[in-house]
Amino acid sequence: MSAASSLLSEEQFLCCICLDVFTDPVSTPCGHNFCKNCITQHWDINAPCRCPMCKEAFDRRPLLRVNTLISEMAAQSRKSAQMKASSCPDQRCAKPGEVPCDVCTGTKLKALKSCLVCLASYCETHLEPHQRMTGLKRHKLIDPVENLEGRMCKKHDRPLELFCKTDQMCVCQFCTESDHKSHHFVPLKEGYEGKKAELGKTEAEIQQKIQERQLKIQEIKHSVELSEEDADREIADSVRVFTALMQSVERGQAELTEAIEEKQKTTEKQAEGFIKELEQEISELMKRTAEVEQLSRTEDHLHLLQSFPSLNTPPHTKDWTEVSVHRSSYEGTVRRAVAQLEETLRTEKKKLSVDVELKRVQQYAVDVTLDPDTAHPHLILSDDGKQVKDGDVKKNLPDNPERFSLYVNVLGKQSFSSGRFYYEVQVKGKTEWGLGVARGSIDRKGLMSPSPDNGYWTVWLSNGNDYRALADPPVLLSVKSKPQKVGVFVDYEEGLVSFHDVDAAALIYSFTGCTFTEKLYPFFNPGLNDGGTNSAPLIISPVNHTD
């Protein structure tokens, strides 16, 4: 039987309906062979009964019996094909996620192609008829896919070959003449490319959203880090303040105890002096008493009369009637100590409050540079626009409308019409200067009266130690130490301009309740050179946040 089957080609053992090796092969009266189940289902659907191969019609359905010889030969052919497949490295068994061959029985091999006409997927062995037989070569083969039924039009049972752009769906040729008539169609490939481009755009948008969210995560993490730094600073401040408070309490308690003990020692020392003096007088009196007692017992008349004058006079003693030891008074001592402690606490609280306020405004630091177009001709500006001083010599500069012509003023390039901003200026070594902000519309050519009514919010130093805020009227300022660096803060909406001694973390002065209606510019006046005594420049400094 094996020899006989080897003389026949494998094609002779394939059912033309299922394209697989015969299963229960039967013969029709015309002599063609089919799987019993395949021909039975074919005749159940198609009437009258015809041979699928030669199209011969039968008046009545033929009686079909299994052809034993063909069945054995087909089984041998199937076994041979399976052995061949198992020996071929390309014929791999389908793994999870891979498309299996729909024809293989038993172990399913991996499909190489799917047929859109047969709606089946084939391994290399079962794909062979599609590569050889003329009728099957016309079938459309694609890379293996699952759910081939989904690629068929459910209404017309035809392959989905077109994309309806009107309804945004895949359709078959028959759909173009019925439900989708007059719609706009493109081939699947064109629709695929269009949608792929859209997917690319969608992917780019998704990637952008991912990046935005990753940046947001970084921003949140950075905020947490800053919050942690703030928390550490606050803890350090609290430790410093409460340590100082506890030290003050301990010091106050020690001083109070020492004062009370010193008072008590003074009282005890005074009492000891009185007691010692009294004991000395008692000793003298007792001695005189003994002498008088002895003399009173004598029988010697002459001796008594001679001794009487000296013994009759009492020894010298103090009048102790008004003498007393007064109890030390401690009334108000504790109250005064507590009051001093409260003053220490208030001082620490005020210092901490000012320090916190400086930290708060420093977070609004901006980069400020000097505008040479506004600088008075006497002024010398550094190349980086961060320093200015009076040069005593007038330079030949164009008298443009922005330039100050009477006073050695200069404005910053940057303007602000909303929000908050802060900058710091080093004033070390100067005897005169003016700092603040000014409106863009200030008069730059005539006499200057730098007050808020005229568009100036400034603080000035003159004569080396005369600090004034040029409000309406001007305010003489009391500063504990000469500022070396001044911070200027503006809150446009709140109408606030404040000046800070950066090194001392102290508030110098605040303009409050201001009304700003136009752009504000940083304002600088380094003062006249004054023979070299005020030659140091004003320096716009980078903001180093206080710890």
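Residues numbered from 1 in each chain as written. Predicted model: local features only at pLDDT ≥ 70, side-chain atom pairs only at ≥ 80, totals over all residues. Heavy atoms only, no water.

Draft legend 1. The overall build of the protein chain, seen in detail. Looking only at helices and strands, the protein chain has eight helices and 21 strands in total. For a compact globule of 547 residues, the expected C-alpha radius of gyration is about 24 Å, and the protein chain comes in at 57 Å, more than 25% above that figure. Expressed as lengths along the three principal axes of its C-alpha atoms, the size of the protein chain is roughly 195 × 95 × 40 Å. In the protein chain, which comprises 547 residues, the proportion classed as buried is 33%. By element, 53% of the accessible surface of the protein chain is carried by carbon and sulfur atoms, the whole surface being about 34500 Å². Placing the 69 positive and 81 negative side-chain charges of the protein chain at their respective mean positions leaves the two points 11 Å apart. (Helix = DSSP H or I, 4+ residues; strand = E, 2+ residues; numbered from the N terminus. Rg over C-alpha atoms; globule rule 2.2 N^0.38 Å. Buried < 20%, exposed > 50% of the residue type's maximum accessible area, 1.4 Å probe, protein only. Areas by Shrake-Rupley, 256 points an atom, 1.4 Å probe, with all protein chains shown as cover. Lys, Arg positive; Asp, Glu negative; His and termini not counted. Charge placed at Lys NZ, Arg CZ, Asp CG, Glu CD.)

Draft legend 2. A look at the environment of Ala-438. Relative to the assigned elements, Ala-438 resides in strand β13 (residues 433–439). Placed 17 residues apart in sequence, Ala-438 and Gly-455 show a C-alpha to C-alpha distance of 5.5 Å. In this structure Ala-438 touches Leu-411, Gly-455, Tyr-456, Lys-519, Leu-520, Tyr-521 and Phe-523, once residues within four positions along its chain are discounted. (Contact = heavy atoms within 4.5 Å.)

Draft legend 3. Main features of a negative patch on the surface. A grouping of Glu-225, Glu-228, Glu-229 and Asp-232 is seen on the molecular surface, where their side chains present a negatively charged patch. Inspection of the secondary structure puts Glu-228 in helix α6 (residues 188–296). (Patch = residues over 30% accessible without salt bridge, like charges linked within 9 Å, V, L, I, M, F, W, Y side chains within 5 Å. Salt bridge = Lys/Arg side-chain N within 4 Å of Asp/Glu carboxyl O.)

Draft legend 4. Structural detail: the nonpolar core. In terms of nonpolar packing, the biggest core is built from 37 residues, with Trp-433, Phe-511 and Phe-524 touching the most fellow members. Trp-433 has contacts with Val-427, Val-459, Trp-460, Leu-461, Tyr-467, Val-486, Asn-525, Pro-526 and Leu-538, leaving out every residue within four places of it along the chain. Counting residues in each nonpolar core, the second largest holds 17 residues, with Val-21, Phe-34, Trp-43 and Cys-49 among its members. (Core = buried A, V, L, I, M, F, W, Y, C linked by side-chain atoms within 4.5 Å.)

Draft legend 5. Local environment of the side chain of Arg-403. Along the chain, the position of Arg-403 falls in the loop between β10 (387–390) and β11 (410–411). No salt bridge is formed by the buried Arg-403; its nearest oppositely charged neighbour, Asp-373, is found at 4.6 Å. Of note is the side chain of Arg-403, whose polar atom sits 3.0 Å from the backbone oxygen of Pro-372. Separated by 2.9 Å, the side chain of Arg-403 and the backbone oxygen of Pro-398 make a polar contact. (Polar contact = N/O pair within 3.5 Å; in protein donor to acceptor, adjacent residues only side chain to side chain.)

Draft legend 6. A look at helix α4 (residues 124–132). Every buried residue belonging to α4 is among His-126, Leu-127, Pro-129 and His-130, and all of these are buried. Down the axis of α4, the buried set is contained in an arc of 140 degrees. They therefore lie on one face. Where α4 is buried, its residues meet β3 (113–115), β4 (120–122), α5 (134–137) and β5 (141–142). (Arc of directions from axis to C-beta.)

Draft legend 7. Layout of the pattern of salt bridges. Overall, the coordinates contain 15 salt bridges when judged by the stated rule. Two residues, Asp-367 and Lys-386, come together in a salt bridge whose shortest N-O distance is 2.4 Å. With Asp-367 in the loop between α8 (333–362) and β9 (379–381) and Lys-386 in the loop between β9 and β10, this residue pair connects regions lying 19 residues apart in the sequence. Judged by relative accessible area, which is 18%, Lys-386 ranks as buried.

Draft legend 8. Quick look at the packing of aromatic side chains. Under the definition given, this model contains twelve aromatic pairs. Each ring, one from Tyr-509 and one from Phe-511, has its centre 5.0 Å from the other, and the planes form 80 degrees; the classification is edge-to-face. Every member of this aromatic cluster is reached through a ring pair, and the members are Tyr-456, Trp-460 and Phe-523. Residue placement shows Lys-318 over the ring face of Trp-320; its charged tip is 4.6 Å from the ring centre. (Phe/Tyr/Trp six-rings, centres within 6.5 Å; stacked < 30°, edge-to-face > 60°. Lys NZ or Arg CZ within 6 Å of the ring centre and 35° of its normal.)

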